[in-house]
Amino acid sequence: MSTKIITRDGHEALKKELDYLWREHRPDITQKVAWAASLGDRSENADYQYNKKLLREIDRRVRYLRKRLEDMRVVQYSPEQEGRVFFGAWVEIENEAGDLKKFRIVGYDEIYGRNDYISIDSPMARALLKKEVGDEVLVNTPEGEKLWFVNSIDYEK
């Protein structure tokens, strides 16, 4: 498996999720499963069945996070990136109609639950890489090619 890249913020968020699941959520659910099992017949015990299923989901997520975290490389900000779009950049773009979009280019594991993050593997991010403020960017979309202009580029330092 190849090494995946991630921002420092994304890495910390995944480590925090893993820590919460393993140290807080899993012990709580394990306790509920033990309590429900002590009531007797498990085949008709909804508390037991639900919490046992939840415990399997937690274990699955913990295994996934551990495997992903050991295979990730954190990409740090570098002063050489200034003025150009690279991994971790906050980019504001505008199209000919005046529509503005602002987002951060991050790793695949960071985009979920965030409307202002896009994956480095997305067509938009690929088209923006190495562009400077004022550059035109032609992006291939399912509706055809779209033209965008780079308004600003910022990095979290």
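Remember, it's a predicted structure, so these values are computed and weren't measured experimentally.

Looking now at the layout of surface pockets. A probe matching the size of a water molecule, rolled over the atoms, marks out where space remains unfilled. Of the voids in this model, the largest pocket is the one considered here, and its volume is about 250 Å³. For the lining of the largest pocket, the secondary structure elements donating two or more residues are α1 (8–37) and α2 (46–70). A per-element tally of the lining of the largest pocket places α1 first, with five residues. When grouped by side-chain class, the residues that make up the lining of the largest pocket number seven nonpolar, two polar and six charged. Taken domain by domain, the lining of the largest pocket gets at least three of its residues from each of domain 1 (3–72) and domain 2 (77–153).

Turning our eyes to something else, we now look at the UniProt feature "domain: Transcription elongation factor GreA/GreB C-terminal" (unreviewed entry) in the chain. Mapped onto this numbering, the UniProt entry gives "domain: Transcription elongation factor GreA/GreB C-terminal" (unreviewed entry) at residues 81–155. Along residues 81–155 one finds 8% helix and 47% strand; the C-alpha atoms at either end are 9 Å apart.

The next point concerns the sheet that holds strand β7 (residues 144–155). By way of backbone hydrogen bonds, the strands of a sheet pair with one another, either parallel or antiparallel. Within the open sheet, the five strands sit side by side as β5-β4-β3-β7-β6. Their pairing is mixed. With partners counted over all chains shown, the strands left at the sheet margins are β5 (117–119) and β6 (136–141), one partner each. For this sheet the average axis-to-axis angle between neighbouring strands, irrespective of direction, equals 45 degrees.

Parameters and conventions
Residues numbered from 1 in each chain as written. Predicted model: local features only at pLDDT ≥ 70, side-chain atom pairs only at ≥ 80, totals over all residues. Heavy atoms only, no water. 1 Å grid on protein atoms, 1.4 Å probe; cavity = no way out; pocket = protein on both sides within 12 Å on 5 of 7 lines; lining within 4 Å. Points joined across faces, edges and corners; volume = space filled by probe spheres on them. Helix = DSSP H or I, 4+ residues; strand = E, 2+ residues; numbered from the N terminus. Nonpolar A, V, L, I, M, F, W, Y, C, P; charged D, E, K, R; others polar. Domains from an automatic or database assignment. UniProt positions renumbered as here; feature names shortened; annotations may be inferred. Pairing = 2+ DSSP bridges. Axes fitted to C-alpha atoms, helices over the stretch in contact; angles between N-to-C directions.

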